[in-house]
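The residues making up each chain are set out below.
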Amino acid sequence: MANFIYLISIILLRAYLTEQFEKADFLSHERINNINSIAKTWKAGENFDPNTPKEVIIGLMGSIGFSNISRSLHGPPKTSDPLYDGITKIHKTFDARKHWRYCKTMGAVRDQGNCGSCWAFGTTGAFSDRLCVATNGKYNQLLSAEELTFCCHRCGFGCEGGDSMQAWKYFEIHGLVSGGNYNSHEGCQPYRVPPCHHGQKGKGSCSSFRIETNHRCHKKCYGNKTIDYNSDHVKTKNSYCLSHESMQKDVQTYGPIEASFIIYDDFLHYKSGIYHKTENAVNLGGHSVKLIGWGVEYGVKYWLLVNSWGTEWGDHGLFKIRRGTNECGIEERPTAGVPLV
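Residues numbered from 1 in each chain as written. Predicted model: local features only at pLDDT ≥ 70, side-chain atom pairs only at ≥ 80, totals over all residues. Heavy atoms only, no water.

Focus on unusual backbone geometry
Thought 1: If you check the backbone angles, asparagine 136 has positive phi at about 55 degrees while not being a glycine.
Thought 2: As for its position among the elements, asparagine 136 is in the loop between helix 6 (118-134) and helix 7 (145-151).
Thought 3: Backbone geometry at asparagine 326 places phi at a positive 55 degrees, although glycine is not the residue there.
Thought 4: By secondary structure assignment, the location of asparagine 326 is in the loop between strand 8 (318-322) and strand 9 (335-336). (Helix = DSSP H or I, 4+ residues; strand = E, 2+ residues; numbered from the N terminus.)

As for the pattern of salt bridges
Opposite charge on two side chains makes pairing possible when the charged atoms of those side chains draw close.
Thought 1: On inspection of all chains with the given rule, the structure shows 10 salt bridges.
Thought 2: Where lysine 78 meets aspartate 81, a salt bridge forms, and the shortest distance between an N and an O atom there is 2.8 Å. (Salt bridge = Lys/Arg side-chain N within 4 Å of Asp/Glu carboxyl O.)

Some points on the state of the cysteines
Thought 1: A complete count under the given rule lists five disulfides for this structure.
Thought 2: Here cysteine 151 engages in a disulfide with cysteine 217; their sulfurs sit 2.0 Å apart. When the S-S torsion is 105 degrees, as for the bridge of cysteine 151 with cysteine 217, the disulfide is right-handed. Here cysteine 217 lies in the loop between helix 8 (164-173) and strand 3 (240-241) and cysteine 151 lies in helix 7, a separation of 66 residues in the sequence.
Thought 3: Judged by its relative accessible area of 8%, cysteine 151 falls in the buried class. (Disulfide = S-S within 2.5 Å. Buried < 20%, exposed > 50% of the residue type's maximum accessible area, 1.4 Å probe, protein only.)

Points about helix 2 (residues 29-38)
Thought 1: Residues of helix 2 that are buried: Arg31, Ile32 and Ile35. Down the axis, helix 2 shows its buried residues gathered within 100 degrees of arc, on one side only. Exposed and facing more than 90 degrees away from the buried side of helix 2 are Glu30, Asn33 and Ser37.
Thought 2: In this structure, the buried side of helix 2 is in contact with strand 1 (42-44). (Arc of directions from axis to C-beta. Contact = heavy atoms within 4.5 Å.)

Comments concerning a positive patch on the surface
Thought 1: Among the surface-exposed residues, Arg192, Arg216, Lys220 and Lys225 lie close enough to one another that they form a single positively charged patch.
Thought 2: Relative to the helices and strands, lysine 220 resides in the loop between helix 8 and strand 3.
Thought 3: With relative accessibility at 53%, the residue lysine 220 sits in the exposed group. (Patch = residues over 30% accessible without salt bridge, like charges linked within 9 Å, V, L, I, M, F, W, Y side chains within 5 Å. Areas by Shrake-Rupley, 256 points an atom, 1.4 Å probe, with all protein chains shown as cover. Lys, Arg positive; Asp, Glu negative; His and termini not counted. Charge placed at Lys NZ, Arg CZ, Asp CG, Glu CD.)

Concerning the side chain of arginine 31
Thought 1: Position of arginine 31 among the secondary structure elements: in helix 2.
Thought 2: The residues contacting arginine 31, other than those within four sequence positions of it, are Asp25, Phe26, Asp265, Asp266, His269, Thr278 and Ala281.

Digging into the nonpolar core
Thought 1: The biggest cluster of nonpolar side chains holds 57 residues, and the ones touching the most others in it are Phe261, Leu305, Trp309 and Phe319.
Thought 2: When residues of this core are assigned to their parent elements, the largest contribution, six residues, is made by strand 4 (residues 257-264).
Thought 3: Residues in contact with phenylalanine 319, not counting those within four places in the same chain, are Phe261, Phe267, Tyr270, Val289, Trp303, Leu304, Leu305, Asn307 and Trp313.
Thought 4: Counting 18 residues, the second-largest nonpolar core is a separate cluster that includes Leu148, Cys152, Phe171 and Leu176. (Core = buried A, V, L, I, M, F, W, Y, C linked by side-chain atoms within 4.5 Å.)

Side note on the environment of valine 56
Thought 1: Mapped onto the fold, valine 56 is located in helix 3 (residues 54-59).
Thought 2: Valine 56 gets classed as buried once you look at its relative accessible area, which sits at 5%.
Thought 3: Spatially, the C-alpha atom of valine 56 lies 9.4 Å from that of glycine 113, the residues being 57 residues apart in sequence.
Thought 4: With sequence-adjacent residues up to four places away left out, valine 56 is seen in contact with Asn114, Cys206 and Ile211.

Re the packing of helix 6 against helix 8
Thought 1: For the pair helix 6 and helix 8, interaxial distance at closest approach is 9 Å and the crossing angle is 45 degrees. Comparing the axis directions of helix 6 and helix 8 gives the class oblique. By crossing handedness, the relation of helix 6 to helix 8 is classed as right-handed. On the side of helix 6, the interface is formed by Trp119, Thr123, Thr124, Ala126 and Phe127, while helix 8 contributes Ser164, Ala167, Trp168 and Phe171.
Thought 2: Counted by class, the contact of helix 6 with helix 8 contains six nonpolar, three polar and no charged residues. (Axes fitted to C-alpha atoms, helices over the stretch in contact; angles between N-to-C directions. Parallel < 35°, antiparallel > 145°, perpendicular 65-115°, else oblique. Left-handed = near helix turned anticlockwise from the far one by under 90°. Nonpolar A, V, L, I, M, F, W, Y, C, P; charged D, E, K, R; others polar.)

Some thoughts on the packing of aromatic side chains
Thought 1: This model, assessed by the stated rule, comprises 21 aromatic pairs.
Thought 2: Between tryptophan 42 and tyrosine 270, the ring centres sit 6.1 Å apart and the planes meet at 25 degrees, which makes this aromatic pair stacked. Of this pair, tryptophan 42 sits in strand 1 while tyrosine 270 sits in strand 5 (residues 270-275), and the two are 228 residues apart along the sequence. The same class applies to tryptophan 42 and to tyrosine 270, which are both buried.
Thought 3: Measuring from centroid to centroid gives 4.9 Å for phenylalanine 94 and tryptophan 294, while their planes differ by 20 degrees, and the two rings are stacked. (Phe/Tyr/Trp six-rings, centres within 6.5 Å; stacked < 30°, edge-to-face > 60°.)

Shown next as structure tokens:
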């Protein structure tokens, strides 16, 4: 019943977003100039071809964890942990890429393509990083966004969106195989949705690719075929959401976490600085990313996050967003789990 209501809510949301796109030209240069005239702590620029079809933009918003139903299933946030007691201080500035330099997955910027699988990238990315931390670098590879997107039916609807908390529960119960990027042949099940260039026209642009339909769930390794599918699965020993107060402690203890937030039309044009929603920006839907750190810039606190729209978007695929004010719901209830090693 809950999944049926999810589906209806997604259909209604996308109908609303389509209507909003008919009313305003979010990708125009005029819109970018307007943002730069009012944004106080960040700069906007062209990340998307102004002629990008509205369906492509809407399709990038794949987090359905903001519905009342999904929130009720998350349970109370984690506020304490025995290992938190060993933290003597919260670092003023923290970057997981620098703190755990031996983990090559920490700063990996991936591309979800024309598929609303951001929820799968935010969670598998954090899980990969946490496995590296937990094993002191012995496990140092990406986990399969492909398997999670198309095999976790309780998570949601694949390219039509998913719930990040349900993803962590999937890791806890079923586990997940390894899997690199498109055409990489790395790991058991590499991602099979092709990346696309948001900011260009013609061949290779997102406009030249079809909107991805859901793939069949595979139960074998097709990337590195020498890997045994069953033994390749790794698990978490739990799954949880976090309170704003426990986010930094959990990252310092275990590694990056998943964070979801509401995307407004101005965010599409983020290039640098610390993002905050500008006046009259329009709600486009929920999005999931990987949170890897925080800091302070010119007196403004921020979170540091990795997006899944490729390296051409934003600040080489990363962005900063205002911290401590629950900007766009970024501190609403991020999710995580502790690897079972």
